[in-house]
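Each chain, letter by letter, is given below.
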Amino acid sequence: MSTEDAEVDAVVVGAGFSGLYMLVRLRELGLRAVVVERGDDVGGTWYWNRYPGARCDIESLDYCYSFSPDLLREWVWSERYATQPEILRYLNHVADRFDLRRDIRFSTRVEAARFDEQNSTWTVSMSDGTSLRARFCVMAVGNLSEPKRPDIPGFTSFAGETYHTALWPREGVDFTGKRVGVIGTGSSGIQAIPRIAEQAEALFVFQRTPNYSMPARNTPLEPGYVADVVAGYEGRRRMARESDAGVPFPAAQQATFEVSDEERERRYEEGWARGGINSLSYAFNDFFTDEEANQAAQEFARRKISEIVRDPETAASLSPAHHIGTKRTCVDTDYFQTYNRDNVTLVDLRKQPIEAITEGGIRTRDRDYSLDCLVFAVGFDAMTGALRAIDITGCGGRTLTEAWEEGPRTYLGLAVAGFPNMFLVTGPGSPGVLSNMVVSIEQHVDWIADCLRHLQEHGLDRIEATEAGQDAWVAYVNGLADATLYPEAASWYVGANIPGKPRVFMPYVNGCGNYRRECDEVARNDYQGFTLTTADRVGTSA
Ligand code: FAD
Ligand code: NAP
């Protein structure tokens, strides 16, 4: 039961990178906006994921906002890849510096959002029993914000301590003297495992699918170096915006087999020595599209694993077989080296699957592992999970869950037909998750803000993606993906990590730069593919 029905111009759900910047832009437009956040503070990803070893995998100097030159100058990143506490401090600084907190409702979950067709407004209902009415609703809920519940029999019977990397206790965890089990070897597990191994008496890593991981080559940043980068930042960021992955590195011009074997090896080695997520993917331009080219990079990565890991059987178990890059490539500090420690054991679940979690630990087909603590690094219901967790009802009483029964359908990853005045930030159908997400977030938020300005200037108050525009976009995005190796992997990009989730490849693969141009063109063409109206429905642009 609603105890309040306050009216604002816009409700933003989520106070991570997306929601904070959206609030800045909405205020600039003179709109009254409220951000609703279920956590008790800002930060989003960086508020929740406090596991040991958590850092960005895009360089700090690029994984940050660019909208404020003053902010850029003030904040001095201390490491090439900032730790979670440093990124969280940064987002708190942003919230304070732009005085954002006064418009954020913390510790409040948005439970439902219903579109009223008569008034073209959204009613947003919250966990505290109140509701807000707003013309516009911006879903800044995150792509990786709905933690996956471990789907293992006996999960609740374990008597020891359990942790999920995405719900890590604020006060931290001391594993000293403990027998610890980690389930999951995606980016979260791969970052946490080396740090937990340094503390635990014994660490057992339960691995179902091995992953590729590139060395981070993390290093402190000299303040002088940071100042130099910031001085030339506009060019650096422009390059990132126009690139495929939102990073300021030139795209490779040559294909893998256009060069000699020696030259190919030299480029891979150069990438490996430089480190970072694009160590191998930026060496040649056919990495994601040509099976043999991808195979060559895979072989290089597997050889590196076998050179680092001393035990050949463990090295073989750690060697991935999928096309490299088709699951998010991990970035690590000493991940493979960790398996050379005496206190670390890799349990290959392809050889001995888990039968159950028991009171005392984990039972696999071959033996019982007795454990004091269990860490679930099992990931997220990615891209659609947080949206579907909200009961969203659009035109004609149709819910988003119904509209997306066979997988998400959007226009530009920004809007959904049948859900007027609702915007998604880096939604499915956009390149967000394949990129430096802050670059994509800024682009989306800017596009949404410019769109709202356009509506204001033209006396319009309702915008809706057309079914035809959305159908064409979905077909286009699918066609792009089908020309690459991406859809073949059982990744969270296709929803394969959640039992029963429709298998649809969700991101746009044609790069941030191309996508930005396409979004800008839509806006320039009077928001082609959208219908723009006033409350009494005039001024259509189909
Ligand atoms: P989020 O940061 O996820 O924020 C969404 C917020 O919405 C959350 O605080 C959540 O509590 C809130 N919310 C959701 N639903 C509701 C609701 N119903 N009611 C109220 N509040 C709600 N990307 C990169 O580009 N580079 C990286 O190095 C990188 N590292 C990452 C490391 C980890 C551990 C993870 C999990 C992700 C990482 N990502 C990275 C992706 C990262 O999610 C994005 O870069 C970025 O932080 C997303 O910001 P956001 O504001 O869109 O979403
Ligand atoms: P993830 O990539 O989905 O990895 C989850 C892991 O858990 C996988 O190894 C998966 O194995 C395993 N798993 C899930 N259910 C299991 C089960 N029932 N039994 C055994 N194993 C199970 O999740 P994540 O590691 O949290 O990363 C998600 C995304 O967040 C990343 O891809 C990245 O985009 C982002 N992220 C980035 C960083 C960073 O470096 N900055 C850090 C963390 C996260 P299968 O593969 O076999 O399913």
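Residues numbered from 1 in each chain as written. Chains lettered and ligands numbered in written order. Predicted model: local features only at pLDDT ≥ 70, side-chain atom pairs only at ≥ 80, totals over all residues. Heavy atoms only, no water.

Chemist: Explain the site of ligand 1 to me, using residue names and the numbers behind them.
Modeler: Around ligand 1, the surrounding shell holds 33 residues, and the nearest of these are Ser18, Glu37, Thr45, Asp57 and Tyr63. Here an oxygen atom of ligand 1 sits 3.0 Å away from a polar atom, N or O, in the side chain of arginine 38. Between an oxygen atom of ligand 1 and a main-chain N or O atom of serine 435, the distance comes to 3.5 Å. For ligand 1, whose accessible area on its own is 980 Å², the fraction buried by protein is 96%. Listing elements by their share of the shell around ligand 1, those giving two or more residues are helix H1 (17–28), helix H2 (45–48) and helix H14 (437–457). Here the shell around ligand 1 takes three residues from H2, the largest share from any one element. Class assignment for the residues of the shell around ligand 1 results in 18 nonpolar, 11 polar and four charged. (Near = heavy atom within 4 Å. Polar contact = N/O pair within 3.5 Å; in protein donor to acceptor, adjacent residues only side chain to side chain. Areas by Shrake-Rupley, 256 points an atom, 1.4 Å probe, with all protein chains shown as cover. Helix = DSSP H or I, 4+ residues; strand = E, 2+ residues; numbered from the N terminus. Nonpolar A, V, L, I, M, F, W, Y, C, P; charged D, E, K, R; others polar.)

Chemist: An account of the site of ligand 2 is needed here, citing residue identities and associated values.
Modeler: Around ligand 2 there are 25 residues in total, and Arg55, Asp151, Ser188, Arg208 and Thr209 lie nearest to it. Measuring from an oxygen atom of ligand 2, one finds a side-chain N or O atom of glutamine 191 at 3.0 Å. Contact between ligand 2 and threonine 209: an oxygen atom at 2.4 Å from a side-chain N or O atom of the residue. Per-element tally for the shell around ligand 2: the top contributor is helix H5 (residues 187–199), with three residues.

Chemist: Summarise the nonpolar core; cite the residues concerned and give the values.
Modeler: Core analysis: the largest hydrophobic core is formed by 90 residues, its most contacted members being Phe17, Tyr65, Tyr90, Leu412, Trp447 and Phe530. With nine residues, the single largest contributor to this core is H14. Each of domain 1 (3–146 + 382–533) and domain 2 (155–376) gives at least three residues to this core. Aside from chain neighbours lying at most four places away, what touches tyrosine 90 is Phe17, Cys64, Tyr65, Leu71, Trp75 and Trp77. One finds Trp168, Val173, Val344 and Leu346 within the second-largest nonpolar core, a separate group that totals 29 residues. (Core = buried A, V, L, I, M, F, W, Y, C linked by side-chain atoms within 4.5 Å. Buried < 20%, exposed > 50% of the residue type's maximum accessible area, 1.4 Å probe, protein only. Domains from an automatic or database assignment. Contact = heavy atoms within 4.5 Å.)

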